[in-house]
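# Structural features, examined
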Amino acid sequence: MKAITLLGSTGSIGTQTLDIVAQYPDKFRIVGLAAGNNVEMLADQIRQFRPSIAAIAAEDKLPALQAAIQDLNPQPILVAGSAGVIEVARYGDAETVVTGIVGCAGLLPTIAAIEAGKDIALANKETLIAGGPVVLPLVEKHGVKLLPADSEHSAIFQCLQGVPQGGLRKILLTASGGAFRDWPVEKLPEVTVADALKHPNWSMGRKITVDSATLMNKGLEVIEAHFLFGLDYDNIEIVIHPQSIIHSLIELQDTSVLAQLGWTDMRLPLLYALSWPDRIYTDWERLDLVKAGSFTFREPDHQKYPCMQLAYAAGKAGGSMPAVLNAANEQAVALFLEEKIRFLDIPRCIEWVCDRHQNDNCTNPSLDDILAADQWARQEVLTATKNLATSPQMISLH
Ligand SMILES: NC(=O)c1ccc[n+]([C@@H]2O[C@H](COP(=O)([O-])OP(=O)(O)OC[C@H]3O[C@@H](n4cnc5c(N)ncnc54)[C@H](OP(=O)(O)O)[C@@H]3O)[C@@H](O)[C@H]2O)c1
Ligand SMILES: C[C@](O)(CO)[C@H](O)COP(=O)(O)O
Ligand SMILES: [Mn+2]
């Protein structure tokens, strides 16, 4: 039985992971849980899965959590704050830590888990995009496995099983095209948060759903693929595949192309990250190609969606630039979700901040350099958006 710790247990990734654990109680057990501030849901999860330890990041919510489960015997260890989340990440005999925290907030807990010798089932892509230069050497040093749970990277990982070293020539990342894929570009200036949260194919958390709408999710996934699979950026391509049935493809040195297909169900990549190298029988809906219907493909529209090229540029710049891109995006998306900036201000902010980091890019960043770049970028976005109306140079940065 595999012992698992789940970070971000109350979110989309977290609840789907717990669905899997509930379906396979003979294969998985929960050692630790960590959430942000949803104390009610975390209490219910503690009651159902009986972890040894649980954390709530929002320190002021700890008394409510203690009260909500005071009848349980035995009591789990309850901790709070960022330090508490890190304690859960490194705790006990968990073999695998599932990283379902959203954003760069997942970086330090993921590092703690790696340093405690735990394998990582990686859903939290921001951790790798921002922290790749530090995370990958730690994975190597501690001899742990970094198993992709993001659907595209799981697809690539699945296709790579059995491919000899050096056999991989190109990665083709598929993209749904997001909420505005069929909208004319002229309508984008006025889109609302509600519009952006209507993903055509997947049900996900708010931040990643906006990232899918700006295509920054795909840009981030290009960087994620570079770090996970070691290909140059020129050999990582994006193709729009509106049906989201082909979850990505790899081209081999002899031009053969392999793909992984399935319904849009994140439980499958999550399950494989937990079961690898084994395959577990499921009674889930099996793919029916006739029911799935036609598959279509088209070029990404880089004029309509500048975020992809911003991500390629940041990835190629390397160093602390991906951390700056990621943090600027996180801050801009948060402001958009708070209705403080418009949808098209998201790429404008990101380009503005990345441009201002060029001369300060740290080529071999330490963890402290990455954390400093992250904080600087967030503050730059806050500053830039204060003067958005008076910063014409933001518009001319393209
Ligand atoms: N959703 C998907 O299908 C999907 C697919 C591929 C990759 N991913 C990646 O997986 C990650 C999570 O995405 P999601 O869609 O599951 O997000 P989500 O639904 O917004 O859930 C985020 C989770 O993180 C918790 N959290 C937030 N800040 C935290 C902090 N500082 N410390 C501890 N926990 C914190 C939240 O807790 P509370 O809710 O209790 O505040 C929640 O449990 C993201 O990096 C995303 O890119 C998601
Ligand atoms: C589900 C998913 O893997 C989240 O990253 C997928 O990438 C989302 O769809 P999109 O192609 O980015 O719109
Ligand atoms: Mn994805």
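Sequence order as written defines the numbering, with residues in each chain counted from 1. Chain A is the first chain written and ligand 1 is the first ligand written, with later ones labelled in order. Per-residue local features are limited, in this predicted model, to residues with pLDDT of at least 70; the limit for side-chain atom pairs, both in listing and counting, is 80 or more; totals at the level of whole chains, interfaces and linings are taken over all residues. Processing note: side-chain calculations cover all non-hydrogen atoms of the structure and skip hydrogens and water entirely.

### Things to note about the site of ligand 1
Which entries qualify depends on this criterion: Throughout, near means a residue has at least one heavy atom within 4 Å of the molecule or strand. Under the rule applied, a polar contact is a pair of N or O atoms within 3.5 Å (in protein, one hydrogen donor and one hydrogen acceptor; residues adjacent in sequence only if both atoms are side-chain atoms). By definition, any uninterrupted DSSP run of H or I lasting at least four residues is a helix, any uninterrupted run of E lasting at least two residues is a strand, and each is numbered from the N terminus. Only Asp, Glu, Lys and Arg are considered charged, only Ala, Val, Leu, Ile, Met, Phe, Trp, Tyr, Cys and Pro nonpolar, and every remaining residue, Gly among them, polar.
Around ligand 1, the surrounding shell holds 25 residues, and the nearest of these are T10, I13, G36, N38 and E126. In the model, an oxygen atom of ligand 1 is placed 3.0 Å from a nitrogen or oxygen of the N37 main chain. The separation between an oxygen atom of ligand 1 and a polar side-chain atom of N124 is 3.2 Å. Counting residues per element, the ones that place at least two in the shell around ligand 1 are α1 (12–23) and α6 (125–142). Partitioning the shell around ligand 1 into residue classes produces 11 nonpolar, 11 polar and 3 charged.

### As for the pairing of strand β6 (residues 119–122)
The two faces of the sheet receive side chains in turn, since in a regular strand these alternate between them. Heads up, the condition is: The classification of residues rests on relative accessible area computed with a 1.4 Å probe and restricted to protein chains. Under 20% of the type maximum is buried, over 50% is exposed, and intermediate values are partly exposed. The rule for pairing is simple: two strands pair if DSSP sees at least two bridges between them. Assignment of crossover handedness uses the view with strands pointing away from the viewer, where a clockwise path from the first strand over the helix to the second indicates a right-handed crossover.
Both faces of β6 are covered, namely the face carrying D119 and A121 and the face carrying I120 and L122. Pairing between strand β5 (residues 96–99) and β6: 4 bridges, direction parallel. In the strand pairing of β6, T96 is matched with D119. In terms of handedness, the path from β5 via helix α5 (residues 107–115) over to β6 forms a crossover that is right-handed.

### Regarding the packing of aromatic side chains
Our working definition: Aromatic rings from Phe, Tyr and Trp, with only the six-membered ring used for Trp, were paired whenever their centres fell within 6.5 Å, and each pair was classed as stacked if the ring planes differed by under 30 degrees, edge-to-face if by over 60, and tilted otherwise.
For the coordinates displayed, the defined rule picks out 5 aromatic pairs. The interplanar angle of 70° and the centroid separation of 4.8 Å between the aromatic rings of F180 and W183 together place this pair among those described as edge-to-face. Under the relative-accessibility criterion, F180 is labelled buried at 0%. Looking at W183, the relative accessible area reads 25%, which means it is partly exposed. With a centroid separation of 5.0 Å and 80° between ring planes, the pair formed by F180 and F343 is classed as edge-to-face. Separated by 163 residues along the polypeptide, F180 in the loop between β8 (168–175) and α8 (193–196) and F343 in the loop between α14 (321–337) and α15 (345–357) bring together distant segments of the chain.

Interpretation note: all reported values are geometric properties and have no functional meaning in isolation.
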